[in-house]
Amino acid sequence: MIQIAFSTAKSRRAAARQVCGLMLPGGVGTAAHPQAAPRTGGAVASAAAGATEAGLEVLRAGGNAADAAVATALALAVVRPRAGNLGGGGFAVTRFGDEVRTLDFRETAPAEATHDMYLDEQGEPRPGASLIGPLAAGVPGSPSGLYELHRELGRLPWAEVVAPAIRLARVGFTVDRRLANGTREYAELLGRFPETAAVWLPGGRSPEAGSRMRLPELAATLEAYAERGAQAITEGPIAAAVELAARRHGGILRAADLAAYRPVWREPVRFEAFGWQVASMPLPSSGGIILGQTCGMLERLEWAKFSRFGADRFHLLVETWRRAYADRVLLGDPRTSGASAAQLLAGEWLDFRADRIRLAKATPSDRVRKWSSEVASESPETTHLSVMDGDGNAVSITTTLNGAFGCGLLVPGAGFLLNNEMDDFATAPGQPNYYGLIQGEANSVGAGKRMLSSMTPTIAWRGREVIVIGSPGGSKIPTATAQVLLNLIVDGDELQAAVDRARVHHQWMPDVVFAEANALSPETAKALERRGHELRPVSGVGEVHSVRVEIGGEMRAAQDPRGPGTVGIVNPAVD
Ligand code: GLY
């Protein structure tokens, strides 16, 4: 734990804006910024040691939270290829001074996408079509999104922020056990495409833990990105390589789709919960809405007054999620969504939902809304990072290829994998997707639409305390994030204890409470079953990466024991 001296955030932010203002619109900050950047320190939590170190390196060089978050995200694209990406998309929630914003760099459906593109002549889903190969790929949002995040909020020159990722790809990095296991587990997917196998299954085998990995094509892409910004990827030879790879394997992704892609700054979902201000991701993510509905219903049900590990609390948590995930069916791209955050977080609606929750009895999910499905087994394919700088500026990014290693196709010459985010659309409305989520017509496939997400990058604050939080985990992202946040803001846990604590999950359909080992005592489990809940063990609910500070006090970062995530804190007085 390190003491961080906080200076006036506003003056630093003004300086950062001034520096960014020197860059040409759409241009590249290759020239060094005129003044030496101050050393401000900060904290980074991410899913891989090399990525956390990249963020810390940028903080040590005087970068702010946006610089460090982008450096961390780009390094994840190198050392954690199952989720870190240039070929996918994501969301960022930022808080600089008092200004809270969100950046949507979610993938979009290509221009040639159509409503029924994943159905056969009989109207049945074509197995694997929205998951494997480039037909499953949405238009990548990460290159423009990360570039825009830095352009708007960063302090260091762009090239300095990209440099750690270039070095990892060019000089190489040590393959850790999780990457070795991941490539072995997904060898069948990676082996389907010779372009991918040539890089990730060298000699026909997955790389061994402890071996050295160099990614020269990805390094060259990152070098071009550092020199010319997003346009180096969204236009010219790299975009042409994406189109060529997609065409070769029956995809509809075109260079024109990449050129047309734009990230969007959006107003956050904001709400007050248990005395804290919370800002999270709006549509096209359902995450902020689910988090807000959860907290809103729990406050109405006076959840905090119930015994912490007793059946009442778990029961009420599950009942709020059952309703929030049932409402999720209405959601989709903000332009076509069947409901808005304002509607679903309105006091009357939360009253209506909370009033129908009974303490003594579970509400069968088919009485909330009529559907049925099975949940897919899933692992945390998405990845999250939380960053704070010494001024208390905060960035929370969740980014994804959707499934592990996305659609499995690596773009030859460019060195990055393409996502399979199209499966997050309701490819066959009413039928479960990869995460077992049932989705509605509002989230059907349509050219240019953004597919509904569950990613929940979030920032919460109360007075001088700030928490940056989020998780991977598909449909379990909002419930993992909610539980850790509640541990912090309701029960006052220390950050690491809040992250460590065993978790549960419910997503309306299937009507099952998934419980990590030790989440429920035998008595609590029995009491829940007596109320009508079906319980099922699950190996993990998310993998939360979080940092927290009390401004003027200690900065902390927590590493989730469910994964190999790493954290680091830079003390300006020492580093
Ligand atoms: N691909 C997972 C999500 O966006 O929720």
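Thresholds applied
Residues numbered from 1 in each chain as written. Predicted model: local features only at pLDDT ≥ 70, side-chain atom pairs only at ≥ 80, totals over all residues. Heavy atoms only, no water. Helix = DSSP H or I, 4+ residues; strand = E, 2+ residues; numbered from the N terminus. Polar contact = N/O pair within 3.5 Å; in protein donor to acceptor, adjacent residues only side chain to side chain. Near = heavy atom within 4 Å. Nonpolar A, V, L, I, M, F, W, Y, C, P; charged D, E, K, R; others polar. Salt bridge = Lys/Arg side-chain N within 4 Å of Asp/Glu carboxyl O. Buried < 20%, exposed > 50% of the residue type's maximum accessible area, 1.4 Å probe, protein only. Phe/Tyr/Trp six-rings, centres within 6.5 Å; stacked < 30°, edge-to-face > 60°. Lys NZ or Arg CZ within 6 Å of the ring centre and 35° of its normal. Expected span 1.5 Å × (residues − 1). Pairing = 2+ DSSP bridges. Core = buried A, V, L, I, M, F, W, Y, C linked by side-chain atoms within 4.5 Å. Contact = heavy atoms within 4.5 Å. Axes fitted to C-alpha atoms, helices over the stretch in contact; angles between N-to-C directions. Left-handed = near helix turned anticlockwise from the far one by under 90°.

**Q** Describe the environment of Gln 277, listing the residues and the values that go with them.
**A** Counting through the fold element by element, Gln 277 comes out in strand S9 (residues 276–280). A C-alpha to C-alpha distance of 6.2 Å links Gln 277 and Arg 462, two positions 185 residues apart in sequence. At 3.5 Å, the side chain of Gln 277 forms a polar contact with the side chain of Glu 272.

**Q** I'd like to hear about the site of the ligand, residue by residue, with values.
**A** Taken together, the residues surrounding the ligand are Arg 106, Asn 402, Glu 421, Asp 424, Tyr 435, Ser 453, Ser 454 and Met 455. Note that an oxygen atom of the ligand is positioned 2.7 Å from one of the side-chain N or O atoms of Ser 453. Across the shell around the ligand, the residue classes break down as two nonpolar, three polar and three charged.

**Q** Tell me about the pattern of salt bridges, and please be specific about residues and values.
**A** Taken as a whole and assessed by the stated rule, the structure comprises 38 salt bridges. Taking the shortest distance from any N to any O, the salt bridge between Asp 560 and Arg 562 comes out at 2.7 Å. Look at Asp 560 and you get buried, because its relative accessible area is 0%. Here the salt bridges do not stand alone but share partners, grouping Glu 99, Arg 101, Glu 148, Arg 151 and Glu 152 into one network.

**Q** Go over the packing of aromatic side chains with me, naming the residues and quoting the values.
**A** Tallied over the full model, the rule gives four aromatic pairs. Geometrically, the ring pair formed by Trp 158 and Tyr 225 is edge-to-face, given 5.0 Å between the ring centres and 90 degrees between the ring planes. In this pair, Trp 158 is assigned in helix H5 (residues 158–171) and Tyr 225 in helix H9 (residues 216–228), connecting sequence segments 67 residues apart. Ring geometry for Trp 349 versus Phe 352: centroids 5.1 Å apart, planes at 15 degrees, classification stacked. Taken together, the positions of Trp 349 and Phe 352, both in helix H16 (residues 347–355) and three residues apart, correspond to about one turn of that helix. Here Trp 349 falls in the partly exposed class, since its relative accessible area comes to 26%. Put simply, the rings of Tyr 147, Trp 158 and Tyr 225 pair up and form one aromatic cluster. Against the face of Trp 265 rests Arg 101, its NZ or CZ located 4.1 Å from the ring centre. The positively charged end of Arg 313 is found above the aromatic ring belonging to Trp 303, 4.1 Å away from the centroid.

**Q** Requested: an account of helix H4 (residues 142–153), with residues and values cited.
**A** One turn of an α-helix holds 3.6 residues; hence residues three or four places apart share an orientation. In this model, H4 (12 residues) spans 16 Å end to end at C-alpha, consistent with the 16 Å of a helix rising 1.5 Å per residue. A large share of H4 lies buried, amounting to 11 of its 12 residues. When H4 is considered as a whole, its buried residues turn out to be Ser 142, Pro 143, Ser 144, Gly 145, Leu 146, Tyr 147, Glu 148, Leu 149, His 150, Glu 152 and Leu 153.

**Q** Could you give me a rundown of the sheet that holds strand S16 (residues 535–537), with the residues and numbers involved?
**A** Taken together, three strands build an open sheet; the order of strands is S14-S15-S16 and the sheet is mixed. Strand pairing shows two members of the sheet lacking a second neighbour, strand S14 (504–505) and S16, which therefore form its edges.

**Q** I'd like to hear about the nonpolar core, residue by residue, with values.
**A** Counting 153 residues, the largest nonpolar core has Leu 74, Val 78, Leu 222, Tyr 225 and Phe 416 as the members making the most contacts within it. In terms of residues, this core owes the most to one element, helix H3 (residues 65–79), which gives 12 residues. Setting aside its immediate chain neighbours within four residues, Leu 74 contacts Leu 86, Leu 146, Trp 158, Val 162, Ala 165, Leu 222 and Tyr 225.

**Q** I'd like a description of the pairing of strand S4 (residues 99–105), backed by residues and values.
**A** Along S4, six of the seven residues are buried, which leaves the element largely enclosed by surrounding structure. Pairing of strand S3 (residues 89–96) with S4 involves seven bridges; the strand directions are antiparallel. Opposite Phe 96, over in S4, you have Glu 99 as the bridge partner. Hairpin geometry of S3 and S4 is characterised by an intervening segment of two residues between the two adjacent antiparallel strands and by a positive phi of about 60 degrees at Gly 97. Pairing analysis gives three bridges linking S4 to strand S7 (residues 264–266), with the strands arranged antiparallel. Paired with Asp 104 across the strands is Val 264, a residue of S7.

**Q** Mind laying out the packing of helix H13 (residues 287–300) against H16, listing which residues take part and the relevant values?
**A** Contact geometry for H13 and H16: axes closest at 9 Å, N-to-C directions at 65 degrees. Like other packed secondary-structure pairs, H13 and H16 cross with a definite hand, here right-handed. Counted together, Gln 293, Gly 296, Met 297 and Arg 300 of H13 and Gly 347, Trp 349, Leu 350, Asp 351, Arg 353 and Ala 354 of H16 form the full contact between these two elements. For the contact of H13 with H16, the class distribution of residues is four nonpolar, three polar and three charged.

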